[in-house]
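Report on the structure
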Amino acid sequence: MLSRVRKLASNIPGWRTNRKLVVFESDDWGSVRTRDLDALKYLKGKNFEIERSNFVRYDSLESSEDLSRLFEVLTSVKDSKGRNAVFTPMTIVGNPDFSAIKENKFEEFVVEPFTETAKRYPGSERVLDQYKQGMESEIWQPEYHGREHLNHLRWLRGLKAGEKGLIAPFEVESFGFDLVDGQQIRDHLAAYDPEFKSDIPLLEQSLVEGIDMFRSILGEGPRYFVASRSPEPKAFEQSLAKGGIKYLTRYKLQRYPIGDGTFQRELNWLGKRNRFDQIVITRNAGFEPSDNPNYDWVDSCMNELQLAFQFKKPAVISSHRVNYIGRLSQGNQSDGLQKLEELLKKIVARWPEVEFVSSRELGEAIAGE
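Residues numbered from 1 in each chain as written. Predicted model: local features only at pLDDT ≥ 70, side-chain atom pairs only at ≥ 80, totals over all residues. Heavy atoms only, no water.

**Re the overall build of the chain**
A count of helices and strands for the chain gives 14 helices and 15 strands. Scaling as 2.2 N^0.38, a compact globule of 369 residues should have a C-alpha radius of gyration of about 21 Å, and the chain matches this with 20 Å. Reported as C-alpha extents along the three principal axes, the dimensions of the chain are approximately 55 × 45 × 45 Å. The buried share among the 369 residues of the chain stands at 58%. Sequence separation of at least 24 residues holds for 76% of the intrachain contacts in the chain that already meet a minimum separation of 6. Approximately 15,400 Å² of the chain is accessible, and the part contributed by carbon and sulfur atoms is 49%. Within the chain, the 56 negative side-chain charges are centred at a point lying 5 Å from the centre of the 53 positive side-chain charges. (Helix = DSSP H or I, 4+ residues; strand = E, 2+ residues; numbered from the N terminus. Rg over C-alpha atoms; globule rule 2.2 N^0.38 Å. Buried < 20%, exposed > 50% of the residue type's maximum accessible area, 1.4 Å probe, protein only. Contact = heavy atoms within 4.5 Å. Areas by Shrake-Rupley, 256 points an atom, 1.4 Å probe, with all protein chains shown as cover. Lys, Arg positive; Asp, Glu negative; His and termini not counted. Charge placed at Lys NZ, Arg CZ, Asp CG, Glu CD.)

Shown next as structure tokens:
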């Protein structure tokens, strides 16, 4: 009951529309996590707790086959305008260059464009070609999720200190594990969460570099930014604006980190504008089949869409890459794709007037009104 009240309340403030707009935002594309099944087996032997996290068990760099299978599902339906379903993949443009970092003994972070990483992953060599094909077909509109899905400063400090939770995964070119020997591993995935106030300039520099990398790799700059893992400092909005970012994802009650364990808080709503005229987009639905295969994600998401439309809001669905890739588990991938197809078909059947749009197009609709 309390959860439903919160969902009702969260849909009340902000921009409204009579159009039934559906947006799929999918985080983490381009990032490595667990390299392969051999890495998973190795870390399990080192007492890393594998079963408690769907990201640890299933998430890895996408392959060409992963994209092909996902694109098949997206093109299996059409909306009221005759358009296929569209994903907004929130894209990480770089990964650690593990060899170079090992060579410099963890003194300096070296970034490798995700397209170079892909060349070393079997089956991922043509990923960039498929990104561009998806963009041309208007079913794949990448936006910016960060330079890497790592707080590279905190990660290097932990590696230099010899933390087992970081060293063992590093040995097999992986990161992002949560538990080892029953102990929590310090979070290192929040790319722009400063551990110390002195970290802020270097994190902001990496943020800007990532925008330039995005433009170089994909041939156009991003317009929308979603921070990886947790929010970035509010002060970064100016650099994001200079980099061409017009739209920002925000929690309804946002905690912006400012270093040394301190935060500033802010209320947000769909369509809110900041002093740089950037528009806030808030998510109001979730679709994460790999998180709990026994949960009825299709029915749950349909209910969230019904609630959004009831309040004349677009449905902005959060659905991570881990649900749709098969490098570590074909079963996980097949389940995620089957449920996604079921969801899409139920959406167009229940709301024939529905429109599938990217996050950027939603932002443009809000800006236009």
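**Quick look at the pattern of salt bridges**
Throughout the structure, instances matching the rule amount to 39 salt bridges. The salt bridge partner of E51 is R57, with a shortest N-O separation of 3.6 Å. E195 is the partner of R186 in a salt bridge, and the nearest nitrogen-oxygen pair spans 2.8 Å. Salt bridges linked by common partners bring R154, R157, E163, R186, D193, E195 and D199 together as one network. (Salt bridge = Lys/Arg side-chain N within 4 Å of Asp/Glu carboxyl O.)

**What to know about helix α8 (residues 152–160)**
For α8, a buried count of seven out of nine residues is recorded, marking the element as mostly surrounded by other parts of the structure. Looking at α8, one finds that the buried residues are H152, L153, R154, W155, L156, G158 and L159. If you follow the buried residues of α8, they end up packed against β3 (94–96), α5 (98–103), α9 (164–171) and α10 (200–218). The first or second residue beyond α8 is G162, which carries a positive phi of 75°.

**Brief notes about the layout of surface pockets**
The computed volume of the largest pocket comes to approximately 740 Å³. Mapped onto the lining of the largest pocket, the elements with two or more residues apiece are α1 (2–10), β1 (21–29), β13 (285–286) and α12 (297–310). Per element, the largest residue contribution to the lining of the largest pocket is three residues, and it comes from α1. When grouped by side-chain class, the residues that make up the lining of the largest pocket number nine nonpolar, 13 polar and eleven charged. When its volume is computed, the second largest pocket comes out at roughly 190 Å³. Lining of the second largest pocket is provided by 13 residues; of these, F109, H152, L153, L156 and L202 occupy positions nearest its centre. Mapped by element, the contributors of at least two residues to the lining of the second largest pocket are α8 and α10. Of the residues that constitute the lining of the second largest pocket, the class distribution is five nonpolar, three polar and five charged. (1 Å grid on protein atoms, 1.4 Å probe; cavity = no way out; pocket = protein on both sides within 12 Å on 5 of 7 lines; lining within 4 Å. Points joined across faces, edges and corners; volume = space filled by probe spheres on them. Nonpolar A, V, L, I, M, F, W, Y, C, P; charged D, E, K, R; others polar.)

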